[in-house]
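# Summary of structural features
Okay, here's what each chain looks like letter by letter:
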Amino acid sequence: MKRPVVHVVGAGASGLSAAHALLKTGACDVVLHEAQPHAGGRRRSFTDEALACDFDTGVFPVLSCWRATLALIDAAGARGEWRTEGRPGVAFADFATGERWRITPNAGRWPWWLLDARRRGPNLRFSDYWSARRLLSAAPETTVASLAPKGAAMERLWRPLTLAVLNCPPETASARLLGAVLREIVDSGGAGLKILWPSRGFGRAFVEPLQRGLERDGATLRFGRRLTGLGLESDRIARLEFEHDRIDLNPRDAAILATPWAATAALAPGTTAPTGASAALTLHFAAAPPSAVPAVLGAINGPFDWLFAHPDRISVALKNAGARLDVPRETLAAECWRAVAALTGLSDALPAWRIAPSRRASALATPQETGRRPFCRTTWRNLFLAGGHVGRDLPDGLENAVRSGGEAARAWLIESE
């Protein structure tokens with residue numbers, strides 16, 4: 001009997017994860033279709049020939065508690081492409097006061113570090129952290145600001161954390177989503193708060209190793225393939241309609257849509273469409289950081305939210321950046337570089353730079369939008385969904401994208417038995 005074929009549409013993180021998981025089952029052939037001429041989706045690397053540097057479309061650190069992402073990196077044999085901070089924690093700087101500090105959890109599961117004022121950060125109390133327990137059991141309709149403490153704790157802890165995790169301010173961000181991330185960290189102990197980042201770019205550290213592994217293991221990868229429609233029957237899809245051809249599905253074949261939320265809603269009837277998205281901006285500067293600069297630095301009361309120090313360049317990330325997308329790029333670059341120079345001691349002279357805007361960096365992380373997100377299974381028994389926006393347990397990000405790909409593969413396997 002001919003083996004079933006599972007068509008994965010979309011070669012972003014969720015599509016790569018789904019294809020990898022399907023190949024591991026050994027139960028089907030896998031064809032991966034991608035509209036663009038490259039894999040990676042919204043997370044990829046590119047070469048700027050004028051600057052002679054490789055840049056990413058954003059900054060994509062990984063937390064050590066992201067078990068699905070790290071397992072996929074290990075399966076691709078790419079762990080050596082990632083650097084890891086030697087100890088858990090995050091460094092911060094406040095432009096308004098000039099203060100600098102580091103939140104430093106202990107590695108074990110018992111959080112005794114909360115009793116040490118030097119590890120908590122200035123003006124942060126034990127109760128400011130202890131209040132996080134309310135986020136762990138938050139109701140679906142609650143926001144972070146409605147549960148987290150106000151004052152210094154909000155501005156020095158909960159606001160930067162919410163922006164980093166949800167790309168959304170605490171006044172509108174889902175408390176349940178943030179609580180889910182905190183639960184992942186708590187379950188891993190302090191060791192779950194180590195930050196990993198790609199040494200030579202996300203493409204080399206994630207996308208390219210996975211693509212090579214899929215090709216080696218027998219998947220068929222087809223680029224320049226834009227899906228325009230689905231041929232639907234009563235309880236299954238019968239064909240995939242691309243711009244220039246179509247594929248008729250055999251009775252045992254299936255499809256996984258690992259496409260952006262809006263594209264999925266346009267293709268699959270009954271799928272609720274998103275009402276909007278959160279924007280982000282990343283600026284890359286061709287300047288090597290001094291050795292004393294932390295690899296990752298949270299910036300409070302400044303023109304950007306996070307600084308990332310790579311061996312050969314410095315990148316800054318602006319979260320919830322919709323209001324700044326229309327600022328002239330030269331103005332934005334100069335403003336951000338002055339702040340970088342103040343933090344690092346480098347010259348105020350603006351180095352070569354590149355900006356990577358993303359108008360749809362992630363799904364809105366509000367309680368209302370989270371309640372609209374689709375699930376893996378659909379009305380049709382051979383059509384499954386994957387992507388950072390699929391499911392309602394984690395924010396739209398890399399870890400949820402990877403998990404959703406694995407979930408879609410498992411759902412197909414169960415359906416096919």
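First things first, this report covers the structure right here in the doc. (Residues numbered from 1 in each chain as written. Predicted model: local features only at pLDDT ≥ 70, side-chain atom pairs only at ≥ 80, totals over all residues. Heavy atoms only, no water.)

### Some words on the packing of helix H1 (residues 13–25) against helix H9 (residues 202–216)
Interaxial distance between H1 and H9 falls to 10 Å at its minimum, and their mutual angle equals 30 degrees. In terms of their interaxial angle, H1 and H9 are classed as roughly parallel. Like other packed secondary-structure pairs, H1 and H9 cross with a definite hand, here left-handed. Residues Ala-13, Leu-16, Ala-19, His-20 and Leu-23 of H1 touch H9, and the partners they reach there are Phe-206, Val-207, Leu-210 and Leu-214. (Axes fitted to C-alpha atoms, helices over the stretch in contact; angles between N-to-C directions. Helix = DSSP H or I, 4+ residues; strand = E, 2+ residues; numbered from the N terminus. Parallel < 35°, antiparallel > 145°, perpendicular 65-115°, else oblique. Left-handed = near helix turned anticlockwise from the far one by under 90°. Contact = heavy atoms within 4.5 Å.)

### Regarding the sheet that holds strand E13 (residues 246–248)
One open sheet holds the three strands; their spatial order is E11-E12-E13, and the pairing between them is antiparallel. Sheet topology places strand E11 (227–232) and E13 at the edges, where each strand pairs with a single neighbour. Sheet twist, expressed as the average angle between the axes of neighbouring strands with direction ignored, equals 20 degrees. Pairing geometry for strand E12 (residues 237–242) and E13, over three bridges, is antiparallel. Within the sheet, the bridge partner assigned to Leu-240 lies in E13 and is Ile-247. (Pairing = 2+ DSSP bridges.)

### Some remarks on the sheet that holds strand E1 (residues 5–9)
Sheet architecture is open: five strands sit in the order E10-E2-E1-E14-E20, paired in parallel fashion. On the outer flanks of this sheet lie strand E10 (220–223) and strand E20 (383–385), each paired with one strand and no other. Each strand of the sheet is rotated relative to its neighbour by a mean of 20 degrees, with strand direction disregarded. Sheet topology places E1 next to strand E2 (residues 29–34); five bridges connect them, and they run parallel. Within the sheet, the bridge partner assigned to Val-9 lies in E2 and is His-33.

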